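An overview of the molecular structure
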Amino acid sequence: MTGQALDFNPSTELRTSLRQSRARAGIIGLIGVLALAAGAFTARDQFFRSYLWSYIFVLGITAGSLSWLMLQYLTGGAWGVVIRRPAEAAVRTFPLLALLFIPIALGTSSLYSWTQPTTDATLLVKQARYLNVPFFLVRAAVFFAGWIFLSWFLNRWSAREDREGPVPANSRMAAISGPGLIFWAFSVTFMSIDWVMSLSPHWFSTMFGLLFVIGQGLSGMAFLVTVLVFLSNFRPMSEVLTPRHLHDLGKFLLATVMVWAYFAFSQFLIIWAGNLPEEIPWYVERLRGGWQYVALLLVFGHFALPFALLLSRDLKRNFKLLASIAVFILCMRVVDIYWMVTPDSSKGSLSVSWLDLAGPLGLGGIWLAYFLIQLEKRPLMPLNEMELAEALEHGRE
Amino acid sequence: MKPDVYGVMAEFDNPTDLVNATRAVCEQGYKKLDTYTPFPIEELNDILHLHKNKLSLIVLVGGLLGGLSGFLLQYFVTVIYFPINVAGRPLDSWPAYIIITFELTILLGCISAVFGMLALCGLPMPYHPVFNVPRFSAASHDRFFLCIEAADPLFDMEKTSGLLETLEAKEVSEVAH
């Protein structure tokens, strides 16, 4: 099979299916957003909490896709060619996410205790040089500027590659991806400190940024696997994807799940062993009053179960099973972020607000609908990629 | 079937002929056969059904045993033999055990992988009849060999040799015990 023989534009059946999924996602998203809007007036503090963690989950999928998109330009390989277009469509949602950040920017006084004037310990006074609202917003603006720039640059050159061939687009995209990945890792580290760690301003963990870096990578890969398996039901991707492509991506899922467990346990072990009064309360708060069961769920659902299942070669080559695991991992990402963000505000006991349901459905639905619009816009494989023929041969006799 | 013959060996000068011949021989119903090549050939794994073996199970059991022994070692030391109060923690503080449990899982997993592989391959094996074929050393350079063992129920010196000769073999020779 050669690249020229195939039309990589979405087929008619795929367009119909995309339109249906988009409508469904859009309606769910709209209902969620209306519920969130109602919550914003009736339960202000709860609204901001729910909004914040839902937002961080959706952003994680997008920024995670950005990291895989840049990584595959640096490494090459058939897996990178097949995820490229879904990842490009995902990162084109950054402008929407920048818009959706506005409620968080407006809600800093409700979300973050460090915005309040304090006579508290010297620590908070010293922290004020870093943790103050103007600087917080400037940093957020820098994150978004970087992410949107990278996404714009990679999409623009990828479109030019389709029109004009791989020279010079290919080397341009590879050249931006190295510095881009470094920017991504730093921006995600600072983002996690600013938006999540500063919820409890006395607490700190040097592992926290890495936990978000790998968490985003996991969200991104799980999402891309889900999208590819969906696309594999329709032409043209039904002609392209082989079990071997999915096998490669499944290995990435396995590796990322393991690294997440490694980081999450390292942070826990260090803080547990140190048992210092300024560090340990974060875990004490998350291991009592019902939250300990959520933590146990994470140990089994976020690590043990996907780890054990993804060891199987047959499972990684089975489209439906791999997609089920990927969706399950995405659900666990929701639980993980919820468990990190929420316990401090619901002192002592686990209670799920209806806004914690409206948040992920609303933001997730709107985001997914926007993603599906983007996905339809371009051919589903890079037309002039130098490794295209190789990627199509991958896993065929 | 003579007891003093190990089998019959066919020599090929390219991998495609070997793959075709192996496929044909398998379709005839031969089960006890093996191929010898200078480099791995993926198709042969499919034809000879070599994807699955017991090694992964051996490594799993080895890893679990390692993890269990690592955990219990620390449990017995810190809880039963030398109970010492460290920073007011419970004696059976499992988070502290995890690192050594993990390391021993890896250690015994790796050891069982290496020795399991050697055992499944039947190594060390100081003598093997295939080396009685004078040209067999070329299997490490540029020739491809297919050997059908006399232990196969379908084996018949004349018929099997005849079959191999029809399959583009460059040379077919008897393998002495």
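The residue numbers shown here count from 1 along each chain, following its written sequence. Chain labels run from A onward and ligand labels from 1 onward, assigned in the order the entries are written. Note on the predicted model: pLDDT of at least 70 is required for a residue's local features to be given, and 80 or more for side-chain atom pairs to be given and counted; whole-chain, interface and lining totals, by contrast, use all residues. Note that the side-chain values use all heavy atoms of the structure and ignore hydrogens as well as water.

Observations regarding the overall build of chain A
Counting its secondary structure elements, chain A contains 18 helices and zero strands. Computed over C-alpha atoms, the radius of gyration of chain A comes to 21 Å, within 12% of the 21 Å expected from 2.2 N^0.38 for 397 residues, which places it in the range of a compact globule. Each principal axis of the C-alpha distribution contributes one length, and for chain A these read about 70 × 40 × 40 Å. Burial status follows relative accessibility: with a 1.4 Å probe on protein chains alone, a residue under 20% of its type maximum counts as buried, one over 50% as exposed, and anything between as partly exposed. The buried share of chain A, taken over its 397 residues, is 56%. In chain A, once contacts between residues fewer than 6 apart in sequence are set aside, the share between residues at least 24 apart is 84%. Charge convention: Lys and Arg are scored as positive, Asp and Glu as negative, and His as well as the terminal groups of each chain are ignored. Working definition for charges: the position is that of NZ of Lys, CZ of Arg, CG of Asp or CD of Glu. Taken as two groups, the 30 positive and 24 negative side-chain charges of chain A have centres that lie 4 Å from each other. By definition, any uninterrupted DSSP run of H or I lasting at least four residues is a helix, any uninterrupted run of E lasting at least two residues is a strand, and each is numbered from the N terminus. When we talk radius of gyration, it's over C-alpha atoms, and the globule rule is simply 2.2 Å times the number of residues to the 0.38. Whether two residues touch is decided by their heavy atoms; if any such pair falls within 4.5 Å, the residues are in contact.

Quick notes on the nonpolar core
Grouped together as the largest cluster of nonpolar side chains are 124 residues, with contacts concentrated most on Tyr55(A), Trp195(A) and Leu253(A). Considering every element that reaches this core, the biggest residue donor is helix 2 (residues 44-75) of chain A, with 17 residues. Ignoring any residue separated from it by four or fewer positions in sequence, one finds Trp195(A) in contact with Leu52(A), Tyr55(A), Ile56(A), Leu59(A), Phe101(A), Tyr112(A), Phe136(A), Ala140(A), Phe143(A) and Phe144(A). Here the nonpolar core consists of buried residues drawn from Ala, Val, Leu, Ile, Met, Phe, Trp, Tyr and Cys, with membership extended through side-chain atoms lying within 4.5 Å. Counting 23 residues, the second-largest nonpolar core is a separate cluster that includes Leu48(B), Phe155(B), Leu167(B) and Val172(B).

Section: the side chain of Glu11(B)
Residues and elements named next belong to chain B. Structurally, the position occupied by Glu11 is in strand 1 (residues 5-12). For Glu11, the side chain forms a polar contact with the side chain of Arg135, separated by 2.8 Å. There is a polar contact of 3.1 Å between the side chain of Glu11 and the side chain of Arg143. Other than its neighbours up to four places away in sequence, Glu11 contacts Arg135, Arg143, Phe144, Phe145, Ala169, Lys170 and Glu171. Contacts described as polar in this section are N or O atom pairs within 3.5 Å, which, within protein, must combine one atom able to donate a hydrogen with one able to accept it, while residues neighboring in sequence count only if both atoms come from side chains.

Side note on the packing of helix 2 of chain A against helix 9 (residues 169-196) of chain A
All names here are of chain A. To obtain an axis, a line is fitted to C-alpha atoms, over the contacting stretch when the element is a helix, and the angle between two such axes runs from 0 to 180 degrees between their N-to-C directions. Closest axis-to-axis distance for the helix 2/helix 9 pair is 8 Å, and the angle between their directions is 160 degrees. If you check the angle between helix 2 and helix 9, you find them roughly antiparallel. Handedness of the helix 2/helix 9 crossing: left-handed. Across the interface between the two elements, Leu52, Tyr55, Ile56, Leu59, Ala63, Ser67, Met70, Leu71, Tyr73 and Leu74 of helix 2 pack against Met173, Ala174, Ser177, Gly178, Gly180, Leu181, Trp184, Met191, Trp195 and Val196 of helix 9. These descriptions rest on fixed angle ranges, namely under 35 degrees for roughly parallel, over 145 for roughly antiparallel, 65 to 115 for roughly perpendicular, and the rest for oblique. Note on convention: near helix rotated counterclockwise from far helix by under a right angle means a left-handed crossing. Clockwise means right-handed.

Things to note about the pattern of salt bridges
One speaks of a salt bridge when a side-chain nitrogen belonging to Lys or Arg is within 4 Å of a carboxyl oxygen belonging to Asp or Glu. If you walk through the whole model with that rule in mind, you get 17 salt bridges over all chains. With a closest N to O distance of 2.7 Å, Arg84(A) and Glu385(A) form a salt bridge. Taken as a pair, Arg84(A) in helix 3 (residues 78-91) and Glu385(A) in the loop between helix 17 (355-376) and helix 18 (388-393) lie far apart in primary sequence, 301 residues in all. A salt bridge links Arg143(B) to Asp142(B); its shortest N-O distance comes to 3.6 Å. Classification of Asp142(B) by relative accessible area gives partly exposed; the value is 43%.

As for the interface of chain A and chain B
Tallying the contact residues gives ten residues for chain A and eleven residues for chain B. Together chain A and chain B conceal approximately 800 Å² of surface at their shared face, both sides included; 62% is due to carbon and sulfur atoms. Along the contact surface separating chain A from chain B lie zero salt bridges. The tally of links between chain A and chain B comes to two residue pairs in polar contact (both at pLDDT 80 or more). At six residues, helix 12 (residues 243-274) of chain A tops the list of elements feeding residues into the side of chain A that touches chain B. Residue type decides the class: Asp, Glu, Lys and Arg count as charged, Ala, Val, Leu, Ile, Met, Phe, Trp, Tyr, Cys and Pro as nonpolar, and the leftover types, Gly among them, as polar. Residues belonging to the side of chain A that touches chain B are distributed by class as follows: five nonpolar, two polar and three charged. As a working definition, buried area equals the accessible area (1.4 Å probe) given up by two parts on being put together, with both sides summed.

With respect to helix 5 (residues 157-165) of chain B
Residues and elements named next belong to chain B. The complete set of buried residues in helix 5 reads Thr160, Ser161, Leu163 and Leu164. On an axial view of helix 5, the arc spanned by its buried residues comes to 155 degrees, and they lie on one face. Exposed and oriented more than 90 degrees from the buried face of helix 5 are Glu158, Lys159 and Glu165. Looking at the buried side of helix 5, the elements it contacts are strand 1, helix 1 (15-27), strand 3 (144-149) and strand 4 (171-176). Working definition: the arc comes from the directions between the helix axis and the C-beta atoms, pointing outward to the latter.

Structural notes on the domain arrangement of chain B
Reported domain spans reflect what an automatic or database domain assignment gives. In terms of domain boundaries, chain B breaks down into domain 1 (5-52 + 127-176) and domain 2 (55-121). Computed from C-alpha atoms alone, the centre-to-centre distance between domain 1 of chain B and domain 2 of chain B is 44 Å.

Let's talk about the packing of aromatic side chains
All names here are of chain A. Think of it this way: a Phe, Tyr or Trp ring, Trp meaning its six-membered ring, pairs with another when their centres are within 6.5 Å, and the plane angle makes it stacked under 30 degrees, edge-to-face over 60, tilted otherwise. Considering all chains together, one arrives at 47 aromatic pairs over all chains under this definition. Geometrically, the ring pair formed by Phe101 and Phe144 is tilted, given 5.5 Å between the ring centres and 55 degrees between the ring planes. Taken together, the positions of Phe101 in the loop between helix 4 (94-100) and helix 5 (102-106) and Phe144 in helix 8 (residues 133-164) put the pair 43 residues apart, joining distant regions of the chain. Look at Phe101 and you get buried, because its relative accessible area is 6%.

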